[in-house]
Structure formats: C-alpha cells, structure tokens
Amino acid sequence: MAEAPDNCILGFDQVTVRFDEEPVLDGVSFKLRRGESLVLLGEAGSGKTVLLKTALGLIRPDSGRLFLFGEDVTSASEQQWFDLRARIGVLFQEGGLFDSLSIEENVSYPLSNQESLRCPEQEMARRVEQSLEFVELGHTLEKFPSELSGGMRRRVGIARAVVTEPELLLYDSPTAGLDPITAATIMALIIKGRDVRRATTLIVTHRYQDGEMLTRYRHDSSLGHLVPAPENGTGPRTHYLVLRGGRVVFDGSQAELEASADPYVANFVRRTG
C-alpha cells in the first residue's frame, strides 16, 4: 500500500461511489490529519453515511483513492480491512447496542471479537470499567440497554468506541433525537475523548451547535470539565465539510462557514434544533 500525502489519518482523493450507476459520492476529496476534527454536514441523502461506510471499508470506491493511517488502502484486502477497523472507534446512530447483552458485554465486544485486540480477561475487565467511568456510567456494568435512557445508551456507545483506544473516532449523528441538555453532555464527552485520548475525530451531524462546541471548547483534565479553547488557535483544528448530492460544496473553518454566501451552506449555520 502506497504512503498517503502528509501522512493523513483519513483522506479521500476524488472518491466516487455509485449505486445503480448513480453517484452517491461524486469526486469527494478531503484530508483529516492527526488530532484534527472534521464536522460533516449535509441534508438527508447527501452521502454522509455512505462516506462513513467508505471510510470503514464497508463500501469500496468505484474510483478515486482512500487513505487511512498514512497508507493508500483503496485496494486493501478484507483481512487488511479487518485489521484497520481494529484501529477505528465508531459510534453508530442511536448507539447501536446489542439489546441481549449487558452493558459490560456491549462495551467489551470489540475487545473480545477482534483478534488483534484480544487481551486477558482481567485486562479486558479493567479497560471496560475504565471506559464506562470515562463516560460516568461505571455503575451500569450489569444493566441492559433497555434499563437506560436514550442519552445513557449513547454514552455507553461512546464507551464502546473508545475502549480500544483507537487512533480515529467516527461518530454517526451522536446527538440525534436528544434534548439540548443531553446533546451537550454527549458533545462534552466527545471533546473529552478528543483531548484526553488525542484521537482524530469525524462527526456526522445536522446540528451546527455540535461543531461549534468542538471548535470553541477543549477538555481541561486538571479541572475535569470543558473550558474555552485558546483564541490564538493553538488548540485542535476543527474544519467543516458540507455535502450536497454527494459533492463537497464547502470545506473550511467555522469562520468561513459562517461567512458563506451559499444559501445551502448557510442553512446549516442557522439551524438551532
């Protein structure tokens, strides 16, 4: 596999994906470097979920190149993809928990089902407990998803995403359907994961506030909560990608997003729901 430009953690180079000859992603290009955050915006059907599945190797590009962890993985085999996915944490829509498994079993699932991540039971138990404490749910080990609120299930999903200590974290609509207070709690945990674990982060969302929090706040480990990000721009870089009909119509900073004269792009800035 060839080396990626600028050693990017995740990169798309003119990636096109077609369903029944119709492009769902059409020449998509972007780079996400180590420690950066990318906020992916777009209306329903714009290609956001397809982009995530392509980044995970679940959908293969019809053309273009895909880079992960500094390598060209466009032609990677399924075995290579299996190993690559072990280095990626994913929060699925609605949390994606298994109803029949306890919270402990849900969080330990990646560690017990991916060969390269398997560890002794004692170590696995420690990491699961640590991850649940990370999202302030250490008391839920023996509970089942049906016993938790929607926001708590989403937090368990974050615990499962970070339990492998991944280099790249992908969040698919982490605040969808949540009330504003719970949504802010989820975003605070995502920021905590970014800053404490130094993970590169991609978040799909329809809420401008989610990206705004990523840009304007950082987690202070000494205080144990969020604080305003430095105004001198020394904090983790967050940029925005807006999709429309599978095409990138915007790629830039929060300030550039807010200044955009494109009515479609501006629509996401005005949203408050």
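See the structure shown above.
Residues numbered from 1 in each chain as written. Predicted model: local features only at pLDDT ≥ 70, side-chain atom pairs only at ≥ 80, totals over all residues. Heavy atoms only, no water.

## Details of the packing of helix α4 (residues 121-134) against helix α5 (residues 150-162)
Quick note on the threshold: Every axis corresponds to a line fitted to the C-alpha atoms, with the helix fit spanning only the stretch in contact, and the corresponding angles, defined between N-to-C directions, vary from 0 to 180 degrees. Numbering goes from the N terminus for both helices and strands, where a helix is a DSSP run of H or I of at least four residues and a strand is a run of E of at least two. Relative orientations are named as follows: roughly parallel for angles under 35 degrees, roughly antiparallel for angles over 145 degrees, roughly perpendicular for angles from 65 to 115 degrees, and oblique for any other angle. Take the far helix as the reference: if the near one is turned anticlockwise from it by less than a right angle, the crossing is left-handed, and if turned clockwise, right-handed. Any two residues whose heavy atoms approach within 4.5 Å at even a single point are treated as in contact. In this count, Pro and Cys sit with the nonpolar residues alongside Ala, Val, Leu, Ile, Met, Phe, Trp and Tyr, while Asp, Glu, Lys and Arg are called charged and the others, Gly among them, polar.
Contact geometry of α4 with α5 gives a least axis separation of 8 Å together with a crossing angle of 135 degrees. It follows from the interaxial angle that α4 and α5 lie oblique. As for how α4 packs across α5, the hand of that crossing is right-handed. Every residue of α5 that contacts α4 at S131, L132 and F134 is listed here: V156, A159 and V162. Per-class residue counts for the contact of α4 with α5 are 5 nonpolar, 1 polar and no charged.

## A few points about the packing of aromatic side chains
As a reminder of what qualifies: We call Phe, Tyr and Trp rings a pair once their centres come within 6.5 Å, taking the six-membered ring for Trp, and we label the pair stacked below 30 degrees between planes, edge-to-face above 60, and tilted otherwise. Each residue gets one of three labels from its accessible area relative to the maximum for its type: buried under 20%, exposed over 50%, partly exposed in between, using a 1.4 Å probe on protein chains only.
Under the counting rule described, the total for this entry stands at 4 aromatic pairs. Considering the side-chain rings of Y264 and F268, the 5.3 Å spacing of their centres and the 80 degrees angle between planes classify their relative orientation as edge-to-face. Separated by 4 residues within a single helix, Y264 and F268 lie in helix α9 (residues 263-270), roughly one turn from each other. Residue class for Y264 comes out buried when judged on its relative accessible area of 10%.

## Observations concerning the side chain of H219
Within the fold, H219 resides in strand β9 (residues 217-220). If sequence neighbours within four positions are ignored, H219 has contacts with I191, K192, D195, V196, G224, H225 and L226.

## Overview of the environment of V39
Secondary-structure assignment places V39 in strand β3 (residues 37-42). Overall, V39 belongs to the buried group, its relative accessible area being 1%. Along the backbone, V39 and A199 are 160 residues apart, and their C-alpha atoms lie at a distance of 14 Å. For V39, the residues in contact, after removing those within four places along its chain, are I203, T205, G211, L214, T238, H239, Y240 and L241.

## Re a negative patch on the surface
So the rule is basically this: The patches described consist of residues with a relative accessible area above 30% and no salt bridge, like charges being joined within 9 Å and nonpolar side chains (Val, Leu, Ile, Met, Phe, Trp, Tyr) within 5 Å. Per-residue and other accessible areas were derived by the Shrake-Rupley procedure at a 1.4 Å probe size, with only the shown protein chains allowed to occlude residues. Here, a salt bridge means any Lys or Arg side-chain nitrogen found within 4 Å of an Asp or Glu carboxyl oxygen. Think of it this way: Lys and Arg go in the positive column, Asp and Glu in the negative one, and His and the chain ends go nowhere. Charge coordinates come from a single atom per side chain, which is NZ of Lys, CZ of Arg, CG of Asp or CD of Glu.
Side chains of E104, E105, E129, E133, E136 and E142 sit close together on the surface and give a patch of like negative charge. Where the negative patch is concerned, the elements lending two or more residues are α3 (103-113) and α4. Its location among the elements puts E104 in helix α3. On the basis of relative accessible area, E104 is assigned to the partly exposed category, the value being 34%.

## Observations regarding unusual backbone geometry
A positive phi angle, near 50 degrees, is found at F69, a position not held by glycine. Counting through the fold element by element, F69 comes out in the loop between β4 (63-68) and β5 (71-72). Under the relative-accessibility criterion, F69 is labelled buried at 12%. The phi torsion at R198 lies on the positive side, around 55 degrees, for a residue other than glycine. Mapped onto the elements of the fold, R198 is located in the loop between α6 (180-197) and β8 (200-204).

## With respect to the pairing of strand β6 (residues 88-91)
The condition is simple: Paired strands, in this sense, are two strands between which DSSP finds at least two bridges.
Side chains I88 and V90 project from β6 onto one buried face, and the interleaved G89 and L91 project onto a second face that is buried too. Bridge analysis of β6 against strand β7 (residues 168-172) gives 4 bridges, and the strand direction is parallel. Of the residues in β7, the one forming a bridge with L91 is Y171.

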